[in-house]
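A closer look at the structure
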Amino acid sequence: MRSPPPLDLCLTATAYAWPWADLIAQLKFHQQAGWARPLGQLMMSAPWVEDTLTQADWVLPIPLSAERLAERGYNQSLLLARQLSASKTAPGLLLRTRHTPAQRTLPRAERLANLTGAFAIDPLRISEIRGQRLVLVDDVMTSGASLHTAAQVLRQAGAAHISAVVLARTEADEA
């Protein structure tokens, strides 16, 4: 392929529907970090997730901007990543370089444009990416723009294999 997709594999635990959407909102927007453990267990129970994590060198949560982190008090993707594999989770390897408007309010084309240049690798740790098997972790996948943009940055840095493990995926007609 001349331009292969940035993700080699994307695994999802559940559809973004009731009751999961409500529980994710509690975790993400209502400072109820306690939901990370049971939701992480749900992610771990999805087919192939355990094997994917075993094969990974690093587990990377999708980072939040400083503004969004201050607003929420924590990164929900980091909490989920730690539930999946605390020993392999590397929160400072993939960085958010700038604040962007919330993705959930934008159509796909605008989501992609919104994220251009929004991710980078810690320049002092770029050698930790080359040739490695990485797993990106996010709470919700709608269009895939965040995961694809982050994966492109990791691929350009020489990652050998990039998977994503996502808690919930919206239906195609919702994206």
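It should be noted that the structure appears before, not after, this text.
Because the structure is predicted, anything quoted here is derived from the model rather than measured.

Notes on the sheet that holds strand β6 (residues 161–169)
Taken in spatial order, the four strands make up an open sheet running β1-β6-β5-β2, and their pairing is parallel. Only two strands of the sheet have a single partner each, and these edge strands are β1 (9–15) and β2 (58–61). On average, adjacent strands in this sheet sit at an angle of 20° to one another, irrespective of strand direction. In the sheet, strand β5 (residues 133–141) pairs with β6 via eight bridges, with the strands oriented parallel. Across the sheet, residue Val 140 finds its bridge partner in β6, namely Ala 168. Here helix α2 (residues 36–44) sits on the sheet and contacts β1, β5 and β6; the angle it forms with β6, its principal contact strand, is near 125°. Packed onto the sheet, helix α5 (residues 76–85) meets β2, β5 and β6 and runs at close to 130° relative to β5.

Focus: the nonpolar core
Counting residues in hydrophobic clusters, the biggest one holds 25 residues, and the most contacted among them are Phe 119, Ile 129, Leu 136, Leu 147 and Leu 154. Listed by contribution, the elements that provide at least two residues to this core are β4 (119–121), β5, α7 (145–156) and β6. Take this core: its biggest share by element is six residues, from α7. Setting aside its immediate chain neighbours within four residues, Ile 129 contacts Leu 93, Ile 121, Leu 134, Leu 154, Ala 157, Gly 158 and Ala 159. One finds Leu 23, Ala 36, Val 49 and Ala 168 within the second-largest nonpolar core, a separate group that totals 24 residues.

Observations regarding the packing of α2 against α5
Describing two packed helices takes the angle between their axes plus the distance from one axis to the other. Running from N to C, α2 and α5 cross one another at 55°; their axes reach a closest spacing of 8 Å. Taken together, the axes of α2 and α5 are oblique relative to one another. Considering the relative orientation of α2 and α5, their crossing is right-handed. Mapping the contact onto sequence places Ala 36, Arg 37, Leu 39, Gly 40, Met 43 and Met 44 in α2 and Leu 79, Leu 80, Gln 83 and Leu 84 in α5.

Calculation rules
- Residues numbered from 1 in each chain as written.
- Predicted model: local features only at pLDDT ≥ 70, side-chain atom pairs only at ≥ 80, totals over all residues.
- Heavy atoms only, no water.
- Pairing = 2+ DSSP bridges.
- Helix = DSSP H or I, 4+ residues; strand = E, 2+ residues; numbered from the N terminus.
- Axes fitted to C-alpha atoms, helices over the stretch in contact; angles between N-to-C directions.
- Contact = heavy atoms within 4.5 Å.
- Core = buried A, V, L, I, M, F, W, Y, C linked by side-chain atoms within 4.5 Å.
- Buried < 20%, exposed > 50% of the residue type's maximum accessible area, 1.4 Å probe, protein only.
- Parallel < 35°, antiparallel > 145°, perpendicular 65-115°, else oblique.
- Left-handed = near helix turned anticlockwise from the far one by under 90°.

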